[in-house]
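An overview of the molecular structure
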Amino acid sequence: MELKDDKKVFGGRQLRYEHASQVLNCTMQFSVFLPPQAEQGKVPAVYWLSGLTCTDENFSSKAGAQRAAAELGLALIIPDTSPRGDDVPDDPEGAYDFGKGAGFYVNATQEPWRRHYQMYDYIVKELPELVEAHLPLSEDRAISGHSMGGHGALVIGLRNSERYASISAFSPIVHPTQVPWGKKALSGYLGSDEQQWRSYDATYLLEELAGQAIPPILVDQGDADQFLKEQLCTEFFREANKASGAGAQIRMQPGYDHSYYFIATFIEDHLRFHASNLR
Ligand SMILES: N[C@@H](CCC(=O)N[C@@H](CSC=O)C(=O)NCC(=O)O)C(=O)O
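None of these values were measured; they are calculated from a predicted model. (Residues numbered from 1 in each chain as written. Predicted model: local features only at pLDDT ≥ 70, side-chain atom pairs only at ≥ 80, totals over all residues.)

Overview of the overall build of the protein chain
- Within the protein chain, the secondary structure is distributed over 9 helices and 9 strands.
- By the compact-globule yardstick of 19 Å for 279 residues, the protein chain fits well, its C-alpha radius of gyration being 17 Å.
- Once the C-alpha set of the protein chain is aligned to its principal axes, its extents read approximately 50 × 45 × 35 Å.
- When burial is assessed residue by residue, the protein chain has 52% of its 279 residues classed as buried.
- Long-range pairs, those at least 24 residues apart, make up 71% of the contacts in the protein chain between residues at least 6 apart in sequence. (Helix = DSSP H or I, 4+ residues; strand = E, 2+ residues; numbered from the N terminus. Rg over C-alpha atoms; globule rule 2.2 N^0.38 Å. Buried ≥ 20, exposed ≤ 12 C-beta atoms within 10 Å, placed from the backbone. Contact = placed C-beta atoms within 7 Å.)

Okay, structure coming up:
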């Protein structure tokens, strides 16, 4: 992996890398924050999955996560949201909610998406193997994300509970099989058989995992979020949480919308939550 940027912040380093992804068949960029403690030894990492239209730079520049991560000794691993490059197919109409910037953290099975849109495997396998081989990171991981990335964090964390100490999400799409953003993405990447969609739906996963050990979960949702009623539908997850006894903390935050101002307000809480589970 090739270092493209290196900035000192809160005693740590904000880094940007480029690498040739074997899983996505394209060149990818991702960002990393290494806390000061990484100069002394290996540190645990929180993976952050961003939402629709984002690259790795939205979270790095807008969330203000570095100060708390530096204090807590947490690395932040911040991937892009889809494969990139001229060879990668995009939504034919250039829509923001499918194709580039909207990989939905699934492994596509349909043409023409299959060759590049393998974001689930990229996040679960290729990226951790890469960064853990080259950076001072332990194998202690937590996962978090926003909106489409909140969906990704819940699904990936629930399906790989042995790999993540804790899971958190801001404004997640909790039931993508039932909402417009999710239906468009899942039908496009996975085809029309809705049975194939279920393993990428956090509400179904929580129900199916009832009685099994899962990582601690924290969800924050603003009640003034413009996407809450049509796309995010937190109540489905709350009901599944209750029925399954999963014990997720699901907090409605009065007055907050879908923006990075909301994330910036509560990111420290989320990092403290992860730090308490990683140690
Ligand atoms: N362009 C769309 C919505 C774009 C949007 O709000 N993206 C969110 C994530 S939404 C769910 O995944 C985001 O994080 N944007 C980047 C940012 O820096 O704010 C529209 O305008 O409706």
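Structural notes on the site of the ligand
- Surrounding the ligand, one finds 13 residues, the nearest of these being Gly51, Leu52, Asn58, Ser147 and Met148.
- In terms of residue class, the shell around the ligand is made up of 5 nonpolar, 7 polar and 1 charged. (Near = placed C-beta within 6 Å. Nonpolar A, V, L, I, M, F, W, Y, C, P; charged D, E, K, R; others polar.)

Some remarks on the pairing of strand S5 (residues 75-79)
- For S5, the tally of buried residues reaches 5 of 5 residues, placing the bulk of the element in the interior.
- Burial along S5 is two-sided: the residues Ala75, Ile77 and Pro79 and Leu76 and Ile78 are all buried.
- Sheet topology places strand S3 (residues 26-34) next to S5; 4 bridges connect them, and they run antiparallel. Paired with Val32 across the two strands is Ile77, which belongs to S5.
- Relative to S5, strand S4 (residues 43-49) runs parallel, the two being bridged by 3 bridges. Counted as the bridge partner of Ala45 is Ala75 from S5. (Pairing = 2+ DSSP bridges.)

Focus on the UniProt feature "active site" (unreviewed entry) in the protein chain
- Residues annotated by UniProt as "active site" (unreviewed entry) correspond here to Ser147, Asp225 and His258. For this annotated set, covering 112 residues, all C-alpha atoms fall within 10.8 Å of each other, a compact arrangement in space.
- Within the secondary structure, Ser147 is located in the loop between strand S6 (137-145) and helix H4 (148-159).
- With sequence-adjacent residues up to four places away left out, Ser147 is seen in contact with Gly51, Leu52, Ser171, Pro172, Ile173 and His258.
- With respect to the secondary-structure elements, Asp225 resides in the loop between strand S8 (217-222) and helix H7 (228-232).
- The class for Asp225 is buried, based on 21 C-beta atoms found within 10 Å.
- Setting aside its immediate chain neighbours within four residues, Asp225 contacts Ser171, Leu232, Asp257 and His258. (UniProt positions renumbered as here; feature names shortened; annotations may be inferred.)

Digging into helix H8 (residues 234-244)
- Residues Thr234, Phe236, Phe237, Ala240 and Asn241 constitute the buried set of H8. One face of H8 carries all of its buried residues, which in axial projection span an arc of 155°.
- On its buried face, H8 is in contact with helix H6 (202-208), S8, H7 and strand S9 (249-253).
- Once H8 finishes, Gly245 follows within two positions and takes phi at roughly 70°, a positive value. (Arc of directions from axis to C-beta.)

Let's talk about the environment of Leu49
- Within the element layout of this structure, Leu49 appears in strand S4.
- Separated by 100 residues in sequence, Leu49 and Gly149 have C-alpha atoms that sit 4.4 Å apart.
- Not counting residues within four places of it along the chain, the set of residues in contact with Leu49 comprises Tyr105, Ile123, Gly145, Gly149, Gly152 and Ala153.

Brief notes about the environment of Arg84
- Positionally, Arg84 belongs in the loop between S5 and helix H3 (119-134).
- On the neighbour-count criterion, Arg84 (20 C-beta atoms within 10 Å) is buried.
- Placed 16 residues apart in sequence, Arg84 and Lys100 show a C-alpha to C-alpha distance of 6.6 Å.
- Beyond its immediate stretch of four places on either side in the chain, Arg84 contacts Cys26, Met28 and Lys100.

A few points about the nonpolar core
- By size, the foremost hydrophobic cluster in this structure holds 89 residues, and its most contacted members are Val32, Leu74, Ala75, Leu76, Ile77 and Ile123.
- The dominant element in this core, judged by the number of residues it contributes, is helix H9 (residues 260-278), at 8 residues.
- Apart from residues no more than four positions distant in its own chain, Ile77 is found in contact with Val32, Ala45, Tyr47, Trp48, Leu127 and Val131. (Core = buried A, V, L, I, M, F, W, Y, C linked by C-beta atoms within 7 Å.)

Examining the pairing of strand S7 (residues 167-170)
- Residues Ile167 and Ala169 point to one face of S7 and Ser168 and Phe170 to the other, with burial holding for every one of them.
- Relative to S8, S7 runs parallel, the two being bridged by 4 bridges. Counterpart to Ala169 in the pairing with S8 is Val219.

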